[in-house]
Every structure is written in C-alpha cells, then in structure tokens.
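Working through the structure, step by step
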Amino acid sequence: MSAIRNFIKNAIIGGVVVILPIMILALLFRWLFSVISELISPITLVLLENFDLPPLVGDILALSLILALCFLLGTLVATSIGAWAHERFDRYASRLAPGYNLIKEIVGQFFGDKSNSPFAKGEVAVVQLFGVNCPTKVTALVTSRHSNGDFTVFVPTGPNPTSGLMYHLPPEAVTLYPDIGVEDMMRTIIACGAGTGALLSRHEGVAQIKTDS
C-alpha cells in the first residue's frame, strides 16, 4: 500500500514539474501580451475604426508597424546623418528629462551595443569580499578594471541576476574564470547557486596578484 501511495505521489509531483513551468510561461506570455496590447491600443483603435479588423489582428498589425518603425529608425541612425540627428535629439532630451540618459544606458546594456555590456562581455570571477584572510567567497562579474590594478565587480543576487551590489576590490581578492561564459554563470545565479560547484570544478581559476611597478 505504501509503495502505491509513493508511486501516485511521485507521479503527481512529476506531472506538476512538467506542467507548472509551461503554465507559468503561458501566464507570462499572456501578461506580456496584455501589457503590449495596452501600450499599442491607440494605434490598434485607429486600425479597428478604419479597417474593421478583429481585435487580435489589429494588435498584431499595430505591433508589426511598431517593429517596422524600429527597423527604419535603426537603419537611419546607422547613417552619418541619422547618427548626427540622434545625437542632437539625445542632447535635447537629456536637458528636458534628466532621467533620459540613465534609461537609455540601461536599455542599451540589454538591447543595444553589446561590446561594452558586462552582461555580454563581462569576466566571471570568484571574489573574497571581506579580504583574502576570510574564507567567504561569492560569484561576481567584473565590470571594470582600474589603472592601479583594482577591480570593480557586480555581485548579482539570486534568483534575479539583474539586481545586486557593486564592490571595488584589490586584485588579490579576485580570481578570474576566463573559460566560464556569463550565461553559464547567470544560470547558477538564477538557480540560487545550484550547479556552481560542478561549473567551477570544470574550469581553473586565475588568481590576480598585484605587482608594484
């Protein structure tokens, strides 16, 4: 009887593990679609009133028009004239809205030029926040190197890797893992540390030793 109960319980748990992520993903897409629909509702209403379209078709068409506009603007700013106009627009927008530059930089880190984004080109490291004599270590992402050899690192919080704290550390407190990709490191953060041991054991860390010039 106990074996039957365990079998039923394990089967139900296994089904939940399969179905729950799908349901959560479906709810996420539903929420995202509702947010987008609300944002593009002025354009959708114009299309519905003038072309007598179903609401879903109107939303899809409005979104397609926005994507086409983004494509045209992206193509335009890639030209010298477009870049000049974009620079002047940014200059005026930053004067009128002080938070414009901050929002632009945040968006650029995720969707813009990836060459300077630490989330795309950062260096994975294990750092000793409280000094080399303290055994406590944390997973971090190097975001800047200083002229004196120090590092600025971003320590993400799990399970949300986009939030965290920044620290400025001496090189002897930083061990780089150049063979570990940022995406692999972020997976361990999302999993609240699960898999970190296996990931680090597959790669050899490179300790940073400060040398006086």
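Preceding block: the structure.
Residues numbered from 1 in each chain as written. Predicted model: local features only at pLDDT ≥ 70, side-chain atom pairs only at ≥ 80, totals over all residues. Heavy atoms only, no water.

Before going further, it helps to spend a moment on the overall build of the protein. Helix and strand content of the protein: eight helices and six strands. The N-to-C order of helical and strand elements in the protein reads α-α-α-α-α-α-β-β-β-β-β-α-α-β. In the protein, buried positions account for 22% of the 213 residues. Considering only contacts within the protein whose residues lie at least 6 apart along the sequence, 40% involve residues at least 24 apart. As displayed, the protein has an accessible area near 15300 Å², and 68% of this comes from carbon and sulfur atoms. (Helix = DSSP H or I, 4+ residues; strand = E, 2+ residues; numbered from the N terminus. Buried < 20%, exposed > 50% of the residue type's maximum accessible area, 1.4 Å probe, protein only. Contact = heavy atoms within 4.5 Å. Areas by Shrake-Rupley, 256 points an atom, 1.4 Å probe, with all protein chains shown as cover.)

Here the focus is the sheet that holds strand 2 (residues 138-145). Within the open sheet, the six strands sit side by side as 4-3-2-1-5-6. Their pairing is antiparallel. Of all strands in the sheet, those bounded by a partner on one side alone are strand 4 (164-169) and strand 6 (206-207). Across five bridges, the pairing between strand 1 (residues 123-127) and strand 2 is antiparallel. Bridge pairing links Val 124 to Leu 141 in strand 2. Strand contacts of helix 7 (residues 182-190): strand 1, strand 2 and strand 3 (151-156), with the helix running at about 140° to strand 2, the strand carrying the most contacts. (Pairing = 2+ DSSP bridges. Axes fitted to C-alpha atoms, helices over the stretch in contact; angles between N-to-C directions.)

Okay, the nonpolar core next. Judged by nonpolar contacts, Ala 125, Val 127, Leu 129, Ala 140, Val 142, Phe 151, Val 153, Val 155, Leu 169, Val 174 and Leu 176 together constitute the single largest core of eleven residues. Put simply, the parts of the chain that give this core at least two residues each are strand 1, strand 2, strand 3 and strand 5 (174-176). At three residues, the largest contribution of residues to this core is made by strand 3. Apart from residues no more than four positions distant in its own chain, Val 142 is found in contact with Gly 122, Glu 123, Ala 125, Phe 151, Thr 152, Val 153 and Leu 176. Of all hydrophobic cores here, the second largest spans ten residues; its members include Tyr 177, Val 182, Met 185 and Ile 189. (Core = buried A, V, L, I, M, F, W, Y, C linked by side-chain atoms within 4.5 Å.)

This paragraph deals with the pairing of strand 2. Bridge count for strand 2 against strand 3 is four bridges, and the pairing is antiparallel. Of the residues in strand 3, the one forming a bridge with Ser 144 is Thr 152. What sits between strand 2 and strand 3 in their antiparallel hairpin is a turn of five residues, with Gly 149 showing a positive phi close to 100°.

This part covers helix 1 (residues 2-39). Taking 1.5 Å of rise per residue, the 38 residues of helix 1 would be expected to cover 56 Å, and the 54 Å separating its terminal C-alpha atoms lies within 8% of that figure. When the local axis directions of helix 1 are compared, the greatest deviation, roughly 25°, occurs at Ile 19, which is followed within four positions by the proline Pro 21. (Expected span 1.5 Å × (residues − 1). Bend = angle between axes of the 7 residues up to and from the residue.)

With four of five residues buried, strand 1 lies mostly within the body of the structure. Note: strand 1 against strand 5, three bridges, orientation antiparallel. Looking across to strand 5, one finds that Ala 125 is bridged to Leu 176.

Bringing helix 3 (residues 55-77) into the picture now. Between its first and last C-alpha atoms helix 3 spans 33 Å; for 23 residues at 1.5 Å apiece the expected length is 33 Å, and the two agree. When helix 3 is considered as a whole, its buried residues turn out to be Gly 58, Asp 59 and Ala 62.

Note that Thr 152 resides in strand 3. A polar contact of 2.6 Å, which involves the side chain of Thr 152, links it to the side chain of His 146. Not counting the four nearest positions on each side in its chain, Thr 152 is found in contact with Leu 141, Val 142, Thr 143, Ser 144, His 146, Tyr 167 and His 168. (Polar contact = N/O pair within 3.5 Å; in protein donor to acceptor, adjacent residues only side chain to side chain.)

Moving on, we come to a nonpolar patch on the surface. On the surface, a cluster of nonpolar side chains totalling about 850 Å² of accessible area is made up of Met 1, Ile 4, Phe 7, Ile 8, Ile 12, Val 16, Leu 20 and Ile 24. Looking at where Ile 24 falls in the secondary structure, it is placed in helix 1. (Patch = residues over 30% accessible without salt bridge, like charges linked within 9 Å, V, L, I, M, F, W, Y side chains within 5 Å. Salt bridge = Lys/Arg side-chain N within 4 Å of Asp/Glu carboxyl O.)

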